[in-house]
Amino acid sequence: MRDTSQPRIDTIINALLAPAGAPGVYARTELFERAIEGLMQMITRNREPAAEVFTFPPVMSRGLLETAGYLKSFPHLLGCVSCLRGDEGSIRKAVEKEDWVEGLGATDLVLTPAACYPIYPLVAARGAVANDGQTFDVSSYCFRRETTHEAGRLQSFRMRENVCVGTPQAALSFRDRWIARAETIAKQLGLRYQIAPASDPFFGRVGKMMALSQVEQALKFEMLIPVRSEEEPTACMSFNYHQNHFSEIWNLRTKDGNLAHTTCVAFGLERLALALFATHGLDVPRWPSAARQILAM
Ligand code: AMP
Ligand code: ZN
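Each value, and the rule that gives it
- Residue positions are given per chain, counted from 1 along the sequence in the order it is written.
- Chains and ligands are labelled sequentially in the order written, the chains with letters from A and the ligands with numbers from 1.
- Local features are withheld for residues below a pLDDT of 70 in this predicted model, meaning they are given only at 70 or higher, and side-chain atom pairs are given and counted only at 80 or more; totals for whole chains, interfaces and linings count all residues.
- The basis for every side-chain value is the complete set of heavy atoms in the structure, and neither hydrogens nor water enter the calculation.
- For this purpose, a residue is taken to be near a molecule or strand whenever a single non-hydrogen atom of the residue falls within 4 Å of it.
- We define a polar contact as two N or O atoms separated by no more than 3.5 Å, with the added condition that, inside protein, one atom must be a possible hydrogen donor and the other a possible acceptor, whereas residues neighbouring each other in sequence contribute only through side-chain atom pairs.
- Strands are runs of DSSP state E lasting at least two residues, helices are runs of H or I lasting at least four, and both sets are numbered from the N terminus onward.
- Helix axes are fitted to C-alpha atoms over the stretch in contact, other axes to C-alpha atoms as well, and angles between N-to-C directions run from 0 to 180 degrees.
- Note on angle classes: values under 35 degrees are labelled roughly parallel, values over 145 roughly antiparallel, values of 65 to 115 roughly perpendicular, and the remainder oblique.
- In this scheme the handedness of a crossing depends on how the near helix is turned from the far one: anticlockwise by less than a right angle means left-handed, clockwise means right-handed.
- Note on definitions: a residue-residue contact is assigned when non-hydrogen atoms from the two residues lie within 4.5 Å.
- Only protein chains enter the accessibility calculation, which uses a 1.4 Å probe. A residue is then buried if its area is under 20% of the maximum for its type, exposed if over 50%, and partly exposed in between.
- Between any two strands, pairing holds if DSSP finds at least two bridges.
- Whether two aromatic rings pair depends on their centres lying within 6.5 Å, for rings of Phe, Tyr and Trp, where Trp uses its six-membered ring; planes under 30 degrees apart make the pair stacked, over 60 edge-to-face, and the rest tilted.
- Two conditions define a charge sitting above a ring: the NZ of Lys or the CZ of Arg must be within 6 Å of the ring centre, and it must be within 35 degrees of the ring normal.
- Basically, the charged four are Asp, Glu, Lys and Arg, the nonpolar ten are Ala, Val, Leu, Ile, Met, Phe, Trp, Tyr, Cys and Pro, and anything else, Gly included, counts as polar.
- An automatic or database domain assignment supplies the start and end points of every domain.
- A 1.4 Å probe defines the accessible area here, and the buried area is the portion of it lost by two parts on being joined, summed over both.
- By definition here, a salt bridge exists when the distance from a side-chain nitrogen of Lys or Arg to a carboxyl oxygen of Asp or Glu is within 4 Å.

### Brief notes about the site of ligand 1
And then number 1: As a structural note, the neighbourhood of ligand 1 is formed by 15 residues, with Arg144, Glu146, Leu154, Lys220 and Ser238 the closest of them.
And then number 2: Between ligand 1 and Glu146, the relevant distance is 2.8 Å, taken from a nitrogen atom to a side-chain nitrogen or oxygen of the residue.
And then number 3: Sorting the residues of the shell around ligand 1 by element identifies β8 (156–166), β11 (234–243) and β12 (261–268) as the ones contributing at least two each.
And then number 4: Examining the composition of the shell around ligand 1, we find that four residues originate from one element, β11, more than from any other.

Encoded structure:
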């Protein structure tokens, strides 16, 4: 049952986010950003001491994402940066036409679809990692060309990820540690949650099979928290074991010479912020004091 003492999600979104002219694209208010800031500080306090930190821009190399195999799995979600090219005359001609978009050409950039994609080639370029694993804390604005726009499904959103590259054992225990940590965090923030097996939105009919196999092998779990409704809680975090998928592509090895395994743990920052307001309401002074303290709100 929905907690009827709290406003509905539409009211919450109207108070915290301003429409920016395209579905799933919003301007964020100061109050919303305070929650995001609090969440980011909290994730920083929880990261592993040796984690190396990178903030990536919202675009990445198209070539690197192609090599990562993104087009095989999620071509329907990808956005590519297109620009007008040529000399002054041809650019002027293109913009003076009614349909200037026809003059666009793809560039060497795509919009980053998940914060962890740029880290694997970066690590691979440095050589083998320690057997017990190397950990990273990465973040990026992400883009996904979503086709539905229910509350919490944005086209442009921020993702913070903790990534481990190491032996299979190191990668798996990293994921287990983070699931436990995420549960503690959710409890401290007063969020009702469940951890459930999950799959990625792979493209097409073959994609359906890939999704089934992902669940069967327990490769992905999500933390679901009520945002729109209790009945259909929203994925606010994901815990992903890639086995040697990225290591084969990038030749990521541990010092013992074996292919590494990788894990990533993703926080969807906008969804977590919405989950907080959906659970505790818009009146922050009335939030549980533990949550306010953790988020410094
Ligand atoms: P995924 O890589 O699909 O597991 O995404 C990681 C996390 O990013 C999810 O658990 C969500 O919290 C967040 N996320 C994914 N897609 C969206 C979206 N369209 N809008 C907002 N947040 C998203
Ligand atoms: Zn990831």
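### Focus on the packing of helix α2 (residues 30–46) against helix α10 (residues 269–280)
And then number 1: Two elements in contact, α2 and α10, have axes whose closest approach is 9 Å; the angle formed by their N-to-C orientations is 110°. Overall, the two elements α2 and α10 adopt an arrangement that is roughly perpendicular. For the pair α2 and α10, the sense of crossing is right-handed. Here Leu31, Phe32, Ala35, Ile36, Leu39, Met40 and Ile43 of α2 come into contact with α10, specifically with Leu269, Glu270, Leu272, Ala273, Leu274, Leu276 and Phe277.

### Some thoughts on the pairing of β11
And then number 1: Of all the ten residues making up β11, nine are buried; the element is thus mostly covered by neighbouring parts of the structure.
And then number 2: When strand β10 (residues 220–225) meets β11, the two strands line up antiparallel, connected through six bridges. Note that in β11 the partner of Phe221 across the bridge is Phe239.
And then number 3: Pairing of β11 with β12 involves six bridges; the strand directions are antiparallel.

### Overview of the packing of aromatic side chains
And then number 1: One pass over the structure, following the stated rule, counts eight aromatic pairs.
And then number 2: Judged by centre distance (5.2 Å) and plane angle (45°), the rings of Tyr70 and Phe74 are tilted. Both residues of the pair, Tyr70 and Phe74, count as buried.
And then number 3: Judged by centre distance (5.7 Å) and plane angle (85°), the ring pair of Trp178 and Phe267 falls under edge-to-face. Here the residue Trp178 occupies a position in helix α7 (residues 168–188), and Phe267 occupies one in strand β12, the gap between them amounting to 89 residues.
And then number 4: For Trp178, a relative accessible area of 0% translates into the label buried.
And then number 5: One aromatic cluster in this structure is built from Tyr70, Phe74, Tyr117, Tyr120, Phe202 and Phe246.
And then number 6: The ring of Trp178 has Arg181 sitting right over it, with the charged end atom 4.6 Å from the ring centre.

### What about the packing of helix α1 (residues 9–16) against α10?
And then number 1: Taken N-terminus to C-terminus, the directions of α1 and α10 make an angle of 120°; their axes are 10 Å apart at the nearest point. When the axes of α1 and α10 are compared, the pair comes out oblique. Crossing of α1 over α10 shows right-handed handedness. Within the contact between the two elements, α1 uses Ile9, Ile12, Ile13 and Leu16 and α10 uses Leu274, Phe277 and Ala278.
And then number 2: Across the contact of α1 with α10, the residue classes break down as seven nonpolar, no polar and no charged.

### Looking at the domain arrangement of the protein
Many structure descriptions define interface size as the accessible area lost when the parts assemble.
And then number 1: By the assigned domains, the protein splits into domain 1 (6–78 + 113–295) and domain 2 (79–111).
And then number 2: Each partner contributes residues to the interface: domain 1 has ten residues there, and domain 2 has eight residues.
And then number 3: Of the roughly 790 Å² buried between domain 1 and domain 2, counting both surfaces, carbon and sulfur atoms make up 65%.
And then number 4: Between the two partners, domain 1 and domain 2, sit zero salt bridges.
And then number 5: Taken together, the links from domain 1 to domain 2 amount to three residue pairs in polar contact (both at pLDDT 80 or more).
And then number 6: Of all the secondary structure elements, the ones that give two or more residues to the side of domain 1 that touches domain 2 are β4 (59–61) and α3 (62–67).
And then number 7: For the side of domain 1 that touches domain 2, the element with the most residues is β4, which contributes three residues.
And then number 8: Across the side of domain 1 that touches domain 2, the residue classes break down as eight nonpolar, one polar and one charged.

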